[in-house]
Amino acid sequence: MKIIDKTLLQDDKGNISFTARVQGTLKYGANWFAEMESQKAVVAQLDRALEKSFVLIRNFNLPQSDIVIPLILIGLGGINIIYVTNVKGTFEAKGDQWNAVDNSGNSQPAALNPLDRVAKYTRVFQKYLEINKISVAAPITPIVIAINPGAHIESTRPIAKVVKSDAIKPFINSLLQTPPILRNEQIYALAERIVEPRLPEEPEPAAPVEAPPSYVAADFDNAAPAKPFNANDLGFSFNEENAAPESQLQSAAPAAQTPRRRAKPASKKILGMSVMQFIVLAGMVVFWLCIMAGAGAYIYFTQYSL
């Protein structure tokens, strides 16, 4: 499997230093580092099992936006948008709802909804392909992988496929057994076009080329993007606190005569984080400083006591 790793703030060996960890937490939230580590474990399993007819794009930052799509897996059978979570506990995945279940059997919406998040990643990726005139007649499937063995999930027709830790190997085997839709050369060309969209070019007349009957056409070699990607055109927010569930998002633009609703004011942010995230990060920094100060005091007094 070919891996195109676009993860920011990591060194050449794929490691994230403490300074980079703080920077990533400030920019992407308190769960960022845990998600990166969970991703690495899943990527390692995919890399061991999948053959060269698969390409994995990791943490692709959409141009001119702060949206990072975690895992884009392209294979003969289509495209999978994968979100890896390390949540632990009992949950129910029902439609677009992700509910936490307590010991008494009571359920309530969890703080993080992986189903809603991966569905939005899939929608924004489809929008990105559309803007860049990348037409692929292959399915794009949202996948949630719960890597923690302590996650117990009951699924009832969720909007995304849910893969638990003990089902990762069967999931990978299913990818290998999926009937082919794309050819190898199309997979690699598609991955290259996603990562490096072409600049606008003068249109040139070209004769239509018929695809082989055993494959579906994937017209991303000759087209040029119509306009730069703009996250403001998406119509929804990736902010978990402000975003509506996937089922409430309109799939089409409202009619012209429909009055535009006033946007809900965004909640207060500090350095791009919610107040709670900022408090947690501040606590981590203070704790680290206390450890460093304690170590320095110990060394100082040890030297002078001798």
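See the structure printed just above.
Reading the values: rules and limits
Residues numbered from 1 in each chain as written. Predicted model: local features only at pLDDT ≥ 70, side-chain atom pairs only at ≥ 80, totals over all residues. Heavy atoms only, no water. Helix = DSSP H or I, 4+ residues; strand = E, 2+ residues; numbered from the N terminus. Contact = heavy atoms within 4.5 Å. Buried < 20%, exposed > 50% of the residue type's maximum accessible area, 1.4 Å probe, protein only. Pairing = 2+ DSSP bridges. Axes fitted to C-alpha atoms, helices over the stretch in contact; angles between N-to-C directions. Salt bridge = Lys/Arg side-chain N within 4 Å of Asp/Glu carboxyl O. Core = buried A, V, L, I, M, F, W, Y, C linked by side-chain atoms within 4.5 Å.

Engineer: Please explain the overall build of the chain as it appears in this structure.
Structural biologist: On a plain count of helices and strands, the chain comes out with six helices and 12 strands. Within the chain, contacts between residues separated by at least 24 positions form 68% of all contacts whose residues are at least 6 apart in sequence.

Engineer: How do you make sense of the pairing of strand 2 (residues 55-61) when you look at a structure like this?
Structural biologist: Taking burial as the measure, the seven residues of strand 2 include six buried ones, the bulk of the element. Sheet analysis places strand 1 (residues 2-5) next to strand 2, joined by four bridges and oriented parallel. Pairing of Ile4 across the sheet is with Ile57, part of strand 2. The loop that links strand 2 with its antiparallel partner strand 3 (residues 68-75) comprises six residues; one of these, Gln64, has a positive phi angle of about 60°.

Engineer: How should the sheet that holds strand 5 (residues 89-94) be read in this particular structure?
Structural biologist: Pairing between the strands of a sheet comes from backbone hydrogen bonds, and it takes one of two forms, parallel or antiparallel. Strands sit in the order 7-6-5-10 across an open sheet of four strands; the sheet is mixed. In this open sheet, the two edge strands, each paired with only one partner strand, are strand 7 (107-109) and strand 10 (151-156). Between one strand axis and the next, the sheet turns by 30° as a mean value, whatever way the strands run. Strand direction decides the pairing type here: strand 5 and strand 10, joined by six bridges, are parallel. Bridge pairing in strand 10 places Lys94 opposite Thr156.

Engineer: Before we go on, may I ask you to explain the pattern of salt bridges in this structure?
Structural biologist: Should their charged atoms come close, side chains of opposite charge can pair. Applying the stated criterion across every chain yields a total of five salt bridges. As a salt-bridge pair, Arg58 and Asp5 come within 3.2 Å of each other at their nearest N and O atoms. Highlighted residues: Arg58 in strand 2 and Asp5 in strand 1, separated in sequence by 53 residues. A residue is classified by how much of its surface remains accessible, and Arg58, at 5% relative accessible area, is buried. The exposure class of Asp5 is partly exposed, given its relative accessible area of 35%.

Engineer: Looking at this structure, I do not really get the nonpolar core. What am I missing?
Structural biologist: Where a protein is soluble and globular, its nonpolar side chains tend to be buried together. Formed by 42 residues in total, the largest nonpolar core has its most connected members in Ile57, Ile72, Ile74, Ile81, Trp98, Phe125 and Ile194. Those elements that provide at least two residues to this core are strand 2, strand 3, strand 4 (78-85), strand 5, helix 3 (114-131), strand 9 (140-146), strand 10 and helix 5 (184-195). Of the residues forming this core, the biggest block, seven residues, is contributed by helix 3. Sequence-distant contacts of Ile57, that is, excluding residues within four places in its chain, are made with Ile4, Pro70, Leu71, Ile72, Ile74, Ala191, Ile194 and Val195. Ranked by size, the runner-up nonpolar core spans 19 residues in total, among them Leu46, Ile145, Ile172 and Leu175.

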